[in-house]
Amino acid sequence: MNDPADVELPGDWEDDDQPEPGRRRGRRAALISLLVVAAVVIGVGLVIGNYLGGLQNSYEKRTVVQITRGASDGERPEEIDGTGRNFLLLGSDKRSAEDAVSQGVSGQRSDVMMLVHITEDGESVYVMSFPRDLYVDVPGHGKDRINSALAYGGVGLAVTTVENFTGVPIDHVALIDFDGIEGLVDTLGGVDVQVPEDFTAGGHRFTEGVQTLDGEEALTFVRERKQFAEGDFQRNRNQQAVLKGITEKLISGETLSDPGKLAGTIESISPFLTTDDGLSATAMVELGLSMRSIRSNDLYFLSVPHGDPYTTSGGASVVATAEEPMDVLREALRTDDMGTYYAQHAGTY
């Protein structure tokens with residue numbers, strides 16, 4: 001069996017019409033719901049009332065998994081009162097059966113991995129990207145790239161690996177196949193994304209500045225890394241840019257004010273979505289209501305601390321961890337002090 005480390009893994013809602021308070025709360029709930037599932041539009045959090053039943057049926061088309069810890073996983077990080085909530089967001093490509101067998105891993109790889117921390121007061125959300133090649137301990141498999149956990153043991157092992165590395169419990173997890181991201185963007189009619197520089201990839205031309213991308217272009221954009229001097233690090237920033245673009249398109253009201261379009265959005269994404277069994281439609285409604293004061297400027301994007309890329313003794317290209325800076329982030333997550341952490345470290349990595 002080949003070691004995956006040696007395999008190249010690929011505002012406020014005030015307007016002239018003064019919508020009723022229930023609709024304003026619903027729109028804000030949808031914003032956080034979207035972030036919690038990494039652009040998967042669990043917008044069902046806003047659908048309180050007549051639309052919940054029908055949209056819940058669409059949402060329930062997702063795949064549901066139970067998250068457990070094995071004997072080699074170690075103890076789950078302790079839950080501490082007042083530390084907020086943590087969600088793991090994954091984006092994955094599926095391999096063909098032939099590729100999976102030849103590479104000795106499962107049919108999925110995670111090129112998008114983000115930790116979302118929602119503060120205890122429900123007023124701020126921090127979205128942190130992991131470099132896919134971050135070299136960490138993967139329970140039962142020794143040191144390896146962090147994204148190999150999904151290949152080795154599915155969503156459950158990915159959760160355990162991140163819990164062990166960050167030192168905080170993961171409350172919920174959501175994974176979306178990349179085909180679902182493409183369908184989501186198309187359902188929204190395209191999204192505006194900040195392109196960092198001019199480049200061409202996958203037959204598409206990207207121009208520095210704000211560019212409207214359709215689903216295929218957005219998918220190409222979040223996958224591309226070889227065009228950039230900073231490789232995967234820039235790709236992480238591009239993934240966050242697409243997530244931001246999707247969020248802004250959703251909360252513009254074009255989707256949220258149209259029940260038919262909202263239903264179509266959830267319908268298009270659910271078949272590509274996997275969540276833990278606790279992330280039900282009802283749970284999302286409750287989460288959305290608890291987050292109804294969130295505004296777009298309450299969302300913060302950053303990267304987890306990391307070292308430089310290097311080559312292991314086995315010839316694998318990986319990214320080193322940065323344990324002392326990571327300990328600072330671990331403490332901020334554990335004590336729900338991400339505001340201070342962001343003010344001091346945003347843009348460092």
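What counts and how
- Residues numbered from 1 in each chain as written.
- Predicted model: local features only at pLDDT ≥ 70, side-chain atom pairs only at ≥ 80, totals over all residues.
- Heavy atoms only, no water.
- Helix = DSSP H or I, 4+ residues; strand = E, 2+ residues; numbered from the N terminus.
- Buried < 20%, exposed > 50% of the residue type's maximum accessible area, 1.4 Å probe, protein only.
- Areas by Shrake-Rupley, 256 points an atom, 1.4 Å probe, with all protein chains shown as cover.
- Arc of directions from axis to C-beta.
- Salt bridge = Lys/Arg side-chain N within 4 Å of Asp/Glu carboxyl O.
- Contact = heavy atoms within 4.5 Å.
- Pairing = 2+ DSSP bridges.
- Polar contact = N/O pair within 3.5 Å; in protein donor to acceptor, adjacent residues only side chain to side chain.
- pLDDT = per-residue confidence, 0-100.
- Phe/Tyr/Trp six-rings, centres within 6.5 Å; stacked < 30°, edge-to-face > 60°.
- Lys NZ or Arg CZ within 6 Å of the ring centre and 35° of its normal.
- Patch = residues over 30% accessible without salt bridge, like charges linked within 9 Å, V, L, I, M, F, W, Y side chains within 5 Å.
- Lys, Arg positive; Asp, Glu negative; His and termini not counted.
- Charge placed at Lys NZ, Arg CZ, Asp CG, Glu CD.

Undergrad: Explain the overall build of the protein here, please?
TA: Looking only at helices and strands, the protein has 11 helices and 15 strands in total. A burial count over the protein gives 55% of its 349 residues as buried. If you sum the accessible surface of the protein, you get close to 14400 Å²; carbon and sulfur atoms cover 44% of it.

Undergrad: How do you make sense of helix α5 (residues 178-187) when you look at a structure like this?
TA: Every α-helical turn comprises 3.6 residues, leaving residues that sit three or four positions apart pointing alike. Listed in full, the buried residues belonging to α5 are Phe178, Gly180, Ile181, Leu184 and Val185. For α5, the angular spread of the buried residues around the axis is 150°, confining them to a single face. Gly189 occupies a position one or two residues after α5 and carries a positive phi of about 80°.

Undergrad: What is the right way to look at the pattern of salt bridges in this model?
TA: It is possible for side chains bearing opposite charge to pair when their charged atoms get close. Under the defined criterion, the tally for this structure stands at 14 salt bridges. Between Arg330 and Asp327 there is a salt bridge, with the nearest N and O atoms lying 2.6 Å from each other. In this pair, Arg330 and Asp327 are both assigned in helix α10 (residues 323-334), 3 residues apart and thus about one turn of the helix distant. Among the residues examined, Asp327 registers a relative accessible area of 43% and is labelled partly exposed. Salt bridges sharing partners connect three or more residues here, namely Asp111, Arg132, Asp133, Arg145, Arg225, Asp232 and Arg235.

Undergrad: Looking at this structure, how should I read the environment of Leu157?
TA: Topologically, Leu157 is positioned in helix α4 (residues 148-166). Judged by relative accessible area, Leu157 falls into the buried class, the value being 9%. On a C-alpha basis, the gap between Leu157 and Thr68 in space is 8.4 Å, while along the polypeptide they are 89 residues apart. Those residues within four positions of Leu157 in sequence are excluded, and the remaining contacts are Asp73, Val138, Pro139, His141, Ala149 and Tyr152.

Undergrad: When you look at the pairing of strand β7 (residues 172-177) in this model, what are you seeing that I'm missing?
TA: Side chains on a regular strand alternate between the two faces of the sheet. For β7, the buried fraction is high: 6 of the 6 residues fall into the buried class. Here β7 runs beside strand β12 (residues 273-276); their pairing, made up of 3 bridges, is antiparallel. Looking at the pairing, Leu175 lines up with Thr274 of β12.

Undergrad: Looking at this model, I keep getting lost on helix α6 (residues 215-223). Mind explaining?
TA: Of all 9 residues that make up α6, 7 are buried, and the element is covered over most of its length. Residues Gly215, Glu217, Ala218, Leu219, Thr220, Phe221 and Val222 constitute the buried set of α6. For α6, the N-terminal capping position is held by Asp214, with its side-chain oxygen 3.2 Å away from the main-chain nitrogen of Glu216.

Undergrad: Explain the environment of Tyr342 here, please?
TA: Following the sequence through the fold, Tyr342 ends up in helix α11 (residues 338-345). By relative accessible area, Tyr342 is classed as partly exposed at 25%. Among residues more than four places away in sequence, those in contact with Tyr342 are Tyr126, Tyr300, Phe301 and Leu302.

Undergrad: Explanation requested: the confidence of the model for the protein in the structure shown.
TA: Should pLDDT be low for a region, the predicted coordinates there are not to be read in detail. Averaged over all residues, the pLDDT of the protein equals 78, while 72% of them reach at least 70. For the stretch residues 29-50, pLDDT sits under 50, and the model shows 81 contacts to residues farther than four places along the chain or on other chains.

Undergrad: Help me understand the packing of aromatic side chains in this model?
TA: Two aromatic rings are characterised by how far apart their centres lie and by the angle between their planes. Counted according to the given criterion, the structure contains 9 aromatic pairs. Their ring planes at 15° and their centres at 4.7 Å tell us that Phe199 and Phe206 sit as a pair that is stacked. Neither Phe199 nor Phe206 differs from the other in exposure class; each is buried. Seen from their ring centres, Phe206 and Phe221 are 5.7 Å apart, and the 40° between their planes marks the pair as tilted. With a gap of 15 residues between them, Phe206 in strand β10 (residues 204-206) and Phe221 in helix α6 connect regions that are remote in the sequence. Judged by its relative accessible area of 0%, Phe221 falls in the buried class. Among the aromatic residues, those joined into a ring-pair cluster are Phe199, Phe206, Phe221 and Phe228. Above the ring of Phe165, the side-chain terminus of Arg330 is found at 5.0 Å from the ring centroid.

Undergrad: What should I look at first to understand the environment of Thr335 in this one?
TA: With respect to the secondary-structure elements, Thr335 resides in the loop between α10 and α11. The partly exposed category is assigned to Thr335, whose relative accessible area is 34%. Along the backbone, Thr335 and Val168 are 167 residues apart, and their C-alpha atoms lie at a distance of 10.0 Å.

Undergrad: So what exactly am I meant to see when it comes to a negative patch on the surface here?
TA: Together, Asp81, Glu120, Asp121 and Glu123 give the surface a local cluster of negative charge. Within the secondary structure layout, Glu123 lies in the loop between β3 (108-118) and β4 (125-129). Since its relative accessible area comes to 45%, Glu123 is described here as partly exposed.

Undergrad: Looking at this structure, I do not really get the side chain of Gln240. What am I missing?
TA: For Gln240, the location among the structural elements is in helix α7 (residues 231-251). In this structure Gln240 comes out as buried when scored by relative accessible area, which is 10%. Looking at Gln240, its side chain comes within polar contact range of the side chain of Ser129, at 2.8 Å. In contact with Gln240, other than residues within four places in its own chain, are Met114, Val127, Ser129, Phe301 and Leu302.

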